[in-house]
Amino acid sequence: MVAMARLSLLWLMIAVGISVLGTGSWAQFSIPARYDGFVYNGAGKGKGPVVWESFVDPLCIDCKEAWPVVKEVAELYGKSLVLIVHPFPNPFHHNAFFASRALHVAESLNASLVYPLLESIFEQQDSFSNPSTFHETAASVVERLITLAGKLGLPDSFSSGFSNSNTDLATRISFKYGSSRGVVGTPTYLVNGVAVAGADESWSVDDWRKVFDPLLRTPGFVAKA
Ligand SMILES: *[C@@H]1O[C@H](CO)[C@@H](O)[C@H](O)[C@H]1NC(C)=O
């Protein structure tokens, strides 16, 4: 009898698990119009920009596909929407840590070249992740990243950025920050610190406008599921 009850409980758990996975997304936690909390000595409710965080692995195909729309949306809203891209090197993309570190090296030398470098890595993405790279040395991968950076006008000191422990640490921190926010894949998006359910590379500019327009139009607004 007990064994039977255990078995049916197991089946129930499997059935519930399948039905949750089957919805393809999870419930949307309410998104506040601005980052939650009271700014000490701040201007007050509804002030400041909407904060849009995107966790991006430079070697992730979906991140590359999503990028043109993300960029267009960021440009559409100007200063009222701040887009922060966090490098999130997925461990199953074996060169992703180097590619993410390259962004930190660029940031330390000329912050305005971080996004051009990200786009350049996106363009060359396959060359950093195809099977032939399994046998490529780390030094060779880094050398190819240095070549890309050089083409964008990053200075020669870019190569020494890879022997600087600060950029190594910064890349680890990016990864750990994403992990601490519950990021398990890319791209993942947070708006004012809240995960956006179902947002992926299929989202259009209009899909994102449905998230941002109400937040920006009504500062006290809370977007519900
Ligand atoms: C950074 O890069 C931009 C774009 O190429 C360039 O115009 C600017 O002069 C660079 N800044 C420095 C400090 O090198």
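Our structure is the block above this text.
Treat the numbers as computed from the prediction; the structure is a model and nothing was measured.

## Section: the pattern of salt bridges
Reasoning step 1: Going through the model one piece at a time under the given rule, you end up with six salt bridges.
Reasoning step 2: Linking Arg144 and Glu136 is a salt bridge whose minimum nitrogen-to-oxygen distance equals 2.9 Å.
Reasoning step 3: On the accessibility criterion, Glu136 (21% relative accessible area) is partly exposed.
Reasoning step 4: Taken together, the salt bridges that share partners define one network made up of Arg101, Asp168 and Arg172.

## Quick look at the nonpolar core
Reasoning step 1: If you look at the biggest cluster of nonpolar residues, it comprises 50 residues, and the most contacted ones within it are Trp52, Leu117, Phe158, Val191, Trp208 and Phe212.
Reasoning step 2: In terms of residue count, helix H2 (residues 61–77) provides more of this core than any other element does, seven residues in total.
Reasoning step 3: In contact with Trp52, other than residues within four places in its own chain, are Val70, Val73, Ala74, Leu81, Val82, Leu83, Ile84, Tyr189, Leu190, Val191, Trp208 and Phe212.

## Re the packing of aromatic side chains
Reasoning step 1: Scanning the model with the defined rule gives eleven aromatic pairs in all.
Reasoning step 2: Ring centres 4.8 Å apart and planes at 70 degrees place the aromatic pair Tyr189 and Trp208 in the edge-to-face group. Here the residue Tyr189 occupies a position in strand S4 (residues 188–191), and Trp208 occupies one in helix H8 (residues 205–217), the gap between them amounting to 19 residues.
Reasoning step 3: By relative accessible area, which is 2% here, Tyr189 ends up buried.
Reasoning step 4: Linked through ring pairs, Trp52, Tyr77, Tyr189, Trp203, Trp208 and Phe212 together constitute an aromatic cluster.
Reasoning step 5: Sitting over the face of the ring of Phe128, Arg144 holds its NZ or CZ atom 4.4 Å from the ring centroid.

## Some details on the site of the ligand
Reasoning step 1: The immediate surroundings of the ligand are formed by Asn110, Ser112 and Leu113.
Reasoning step 2: Separating an oxygen atom of the ligand from a side-chain N or O atom of Asn110 is a distance of 2.3 Å.
Reasoning step 3: A distance of 3.4 Å is found between an oxygen atom of the ligand and a side-chain nitrogen or oxygen belonging to Ser112.
Reasoning step 4: Starting from 360 Å² of accessible surface for the ligand in isolation, the protein chains cover 28%.

## Considering the sheet that holds strand S2 (residues 50–56)
Reasoning step 1: With mixed pairing, the four strands of this open sheet are ordered in space as S3-S2-S4-S5. In the strand order of this sheet, the two ends are held by strand S3 (81–87) and strand S5 (194–195), each with one partner.
Reasoning step 2: Pairing of S2 with S4, which is carried by four bridges, proceeds in the antiparallel orientation. Each bridged residue has a counterpart across the sheet, and for Trp52 the counterpart in S4 is Val191.
Reasoning step 3: Across the sheet, H2 touches S2, S3 and S4, and the angle it forms with S3 is around 155 degrees.

## A closer look at the side chain of Asn95
Reasoning step 1: Within the secondary structure, Asn95 sits in the loop between S3 and helix H3 (96–109).
Reasoning step 2: Classification of Asn95 by relative accessible area gives buried; the value is 4%.
Reasoning step 3: Excluding anything up to four places from it in sequence, Asn95 contacts Leu59, Phe128, Thr133 and Val141.

## Details of the pairing of S3
Reasoning step 1: S3 sits mainly inside the fold: five of its seven residues count as buried.
Reasoning step 2: Handedness of the crossover is the feature at issue here: the chain leaves S2, passes through H2, returns alongside S3, and the resulting connection is right-handed.

So, how was this worked out
- Residues numbered from 1 in each chain as written.
- Predicted model: local features only at pLDDT ≥ 70, side-chain atom pairs only at ≥ 80, totals over all residues.
- Heavy atoms only, no water.
- Salt bridge = Lys/Arg side-chain N within 4 Å of Asp/Glu carboxyl O.
- Buried < 20%, exposed > 50% of the residue type's maximum accessible area, 1.4 Å probe, protein only.
- Core = buried A, V, L, I, M, F, W, Y, C linked by side-chain atoms within 4.5 Å.
- Helix = DSSP H or I, 4+ residues; strand = E, 2+ residues; numbered from the N terminus.
- Contact = heavy atoms within 4.5 Å.
- Phe/Tyr/Trp six-rings, centres within 6.5 Å; stacked < 30°, edge-to-face > 60°.
- Lys NZ or Arg CZ within 6 Å of the ring centre and 35° of its normal.
- Near = heavy atom within 4 Å.
- Polar contact = N/O pair within 3.5 Å; in protein donor to acceptor, adjacent residues only side chain to side chain.
- Areas by Shrake-Rupley, 256 points an atom, 1.4 Å probe, with all protein chains shown as cover.
- Pairing = 2+ DSSP bridges.
- Axes fitted to C-alpha atoms, helices over the stretch in contact; angles between N-to-C directions.
- Right-handed = clockwise from strand over helix to strand, strands pointing away.

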